Amino acid sequence: MKNSEQSLSHPEKFKVDTSVMLEALDLSKRYEDGVLALDRLNLQVRSGQIFAMLGANGAGKTTTINLFLNYIDPTGGEARVNGITTHKNPLQAKSNLSYVSENVTLYPNFTALQNMDFFARIAGKNGLSYADYAEILNRVGLQTEAHHKKLKDFSKGMRQKCGIAIAIIKDAPAVLLDEPTAGLDPQAGREFIDLLSRLREEGKAVLMSTHDIFRAREIADEIGIMSAGRLVLQAGKDELAGEDLEKLYMEYMSGSKQN
Ligand SMILES: Nc1ncnc2c1ncn2[C@@H]1O[C@H](COP(=O)(O)OP(=O)(O)OP(=O)(O)O)[C@@H](O)[C@H]1O
Ligand SMILES: [Mg+2]
């Protein structure tokens, strides 16, 4: 899976490249109980690119996302967002990030519009009206009758849409998503994928984890397969064109293929 194009996405270590928005450099995490959840991960996501991480339960995907968010500190290496090392300058790094999660970021007792207003203000976007929020909520496919509903009464897909709307408002150059399509019905999953491609068109760098090989193949520019804390395969969309990704995934999981 190595070719000249791939070497482009692996420039010399620690050299700052402005089009690289998310970068892991020998990023490692050993939890307090001794589990080595992430073992020298190196990856890059450029502006206008979607990178999908696949891998079995416990492979280290959420750990990777949490390190980019600086929810946890690395025990080796570093995660960078727009060139900023997350554990050294967490606030500055976070100002470049949107994290779409159904649970963590949204307020259950606020309506969709109130959540939008709250997060717009936190992001320093003070000039927006409720009509602007409604326009964005419509754009992500949240029906008008849900705009005044409290988030706690939302379905998972509705919360995901609200999360994406907030990411659009924040307009951060990097977007992180942990299993965004898990539990969505086929139509909501389809709409979500369309929204992701819109974020890409806007030049966002998107790093997502997913167990959905087919959606990953459809949407991602780069696919990484993780196993036991290591990135065992990284390949671009073009490189995977004639490949059976599911078969490849199974081969890496069973250990019959190794990088
Ligand atoms: N807070 C923690 N303390 C100790 N070990 C942890 C902690 N969080 C995760 N781990 C361990 O780190 C490893 C990687 O977990 P992680 O949650 O990153 O996997 P994942 O790839 O997101 O899995 P899944 O597909 O199930 O979401 C696992 O062995 C897990 O048990
Ligand atoms: Mg996870």
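Residues numbered from 1 in each chain as written. Chains lettered and ligands numbered in written order. Predicted model: local features only at pLDDT ≥ 70, side-chain atom pairs only at ≥ 80, totals over all residues. Heavy atoms only, no water.

(A) Region of interest: the overall build of the protein chain. A count of helical and extended segments in the protein chain gives 9 helices and 10 strands. Rg of the C-alpha trace for the protein chain: 18 Å, near the compact-globule value of 18 Å for 259 residues, within the 12% margin. Referenced to the eigenvectors of the C-alpha coordinate spread, the extents of the protein chain come out at roughly 50 × 40 × 40 Å. For the protein chain, the residues scored as buried account for 51% of the 259 residues in total. For the protein chain, long-range pairs separated by at least 24 residues make up 68% of all intrachain contacts whose partners lie at least 6 apart in sequence. In the form shown here, the protein chain has an accessible surface area of approximately 11900 Å², with 49% of it arising from carbon and sulfur atoms. Of the charged side chains in the protein chain, 31 are positive and 34 negative; the average position of the first set lies 3 Å away from that of the second. (Helix = DSSP H or I, 4+ residues; strand = E, 2+ residues; numbered from the N terminus. Rg over C-alpha atoms; globule rule 2.2 N^0.38 Å. Buried < 20%, exposed > 50% of the residue type's maximum accessible area, 1.4 Å probe, protein only. Contact = heavy atoms within 4.5 Å. Areas by Shrake-Rupley, 256 points an atom, 1.4 Å probe, with all protein chains shown as cover. Lys, Arg positive; Asp, Glu negative; His and termini not counted. Charge placed at Lys NZ, Arg CZ, Asp CG, Glu CD.)

(B) Structural view of the domain arrangement of the protein chain. Each assigned domain of the protein chain is listed here: domain 1 (20-96 + 174-259) and domain 2 (101-171). On a C-alpha basis, the centres of domain 1 and domain 2 stand 25 Å from each other. On the side of domain 2, 11 residues touch domain 1, which itself brings 17 residues to the contact. Surface buried jointly by domain 1 and domain 2 totals about 1100 Å² across both partners, of which 60% is contributed by carbon and sulfur atoms. Linking domain 1 to domain 2 there are 3 salt bridges. The salt bridge involving Lys161 is made with Glu191; its shortest N-O contact spans 2.8 Å. Our enumeration of links across domain 1 and domain 2 arrives at 5 residue pairs in polar contact (both at pLDDT 80 or more). In terms of residue count, the dominant contributor to the side of domain 1 that touches domain 2 is helix α7 (residues 186-201) (6 residues). Here the side of domain 1 that touches domain 2 is built from residues that sort into 8 nonpolar, 3 polar and 6 charged. (Domains from an automatic or database assignment. Buried area = accessible area lost by both parts, 1.4 Å probe. Salt bridge = Lys/Arg side-chain N within 4 Å of Asp/Glu carboxyl O. Polar contact = N/O pair within 3.5 Å; in protein donor to acceptor, adjacent residues only side chain to side chain. Nonpolar A, V, L, I, M, F, W, Y, C, P; charged D, E, K, R; others polar.)

(C) View of the nonpolar core. Among the nonpolar cores identified, the biggest contains 52 residues, and Ile164 and Leu196 are the most heavily contacted of them. Ranked by residues supplied to this core, first place goes to helix α6 (residues 156-170) with 8 residues. Two domains share this core, each providing at least three of its residues, namely domain 1 (20-96 + 174-259) and domain 2 (101-171). For Leu196, the contacting residues outside a window of four places in its chain are Ile50, Ile164, Leu177, Val206, Met208 and Ile219. Counting residues in hydrophobic clusters, the runner-up holds 28 residues, among them Leu67, Phe68, Leu69 and Tyr99. (Core = buried A, V, L, I, M, F, W, Y, C linked by side-chain atoms within 4.5 Å.)

(D) Quick look at the sheet that holds strand β7 (residues 174-178). Read from one edge of the open sheet, 6 strands run β6-β7-β8-β3-β9-β10, paired in mixed fashion. The sheet terminates laterally at β6 (97-100) and β10 (230-236), the two strands that pair on one side only. With direction set aside, neighbouring strand axes in the sheet form an average angle of 20°. Pairing of strand β9 (residues 222-227) with β10 involves 6 bridges; the strand directions are antiparallel. (Pairing = 2+ DSSP bridges. Axes fitted to C-alpha atoms, helices over the stretch in contact; angles between N-to-C directions.)

(E) Expanded view of the site of ligand 1. The environment of ligand 1 is formed by 14 residues, the closest being Gly58, Lys61, Thr62, Thr63 and His211. One of the backbone nitrogen or oxygen atoms of Ala59 is found 3.2 Å away from an oxygen atom of ligand 1. A distance of 2.8 Å is found between an oxygen atom of ligand 1 and a side-chain nitrogen or oxygen belonging to Thr62. Protein chains bury 64% of the 640 Å² of accessible surface belonging to ligand 1 in isolation. (Near = heavy atom within 4 Å.)

(F) Structural view of helix α2 (residues 61-68). For α2, the buried fraction is high: 7 of the 8 residues fall into the buried class. Lys61, Thr63, Thr64, Ile65, Asn66, Leu67 and Phe68 are the residues of α2 that are buried. In the segment just after α2, Asn70 is the residue with positive phi, at about 60°.

(G) Representation of the packing of α6 against α7. Direction vectors running N to C along α6 and α7 enclose 10°, while the axes themselves pass 11 Å from each other. Between α6 and α7, the angle falls in the class roughly parallel. Only Glu191, Phe192, Leu195, Leu196 and Leu199 of α7 make contact with α6, whose side of the interface consists of Gln160, Lys161, Ile164 and Ile168. When grouped by side-chain class, the residues that make up the contact of α6 with α7 number 6 nonpolar, 1 polar and 2 charged. (Parallel < 35°, antiparallel > 145°, perpendicular 65-115°, else oblique.)

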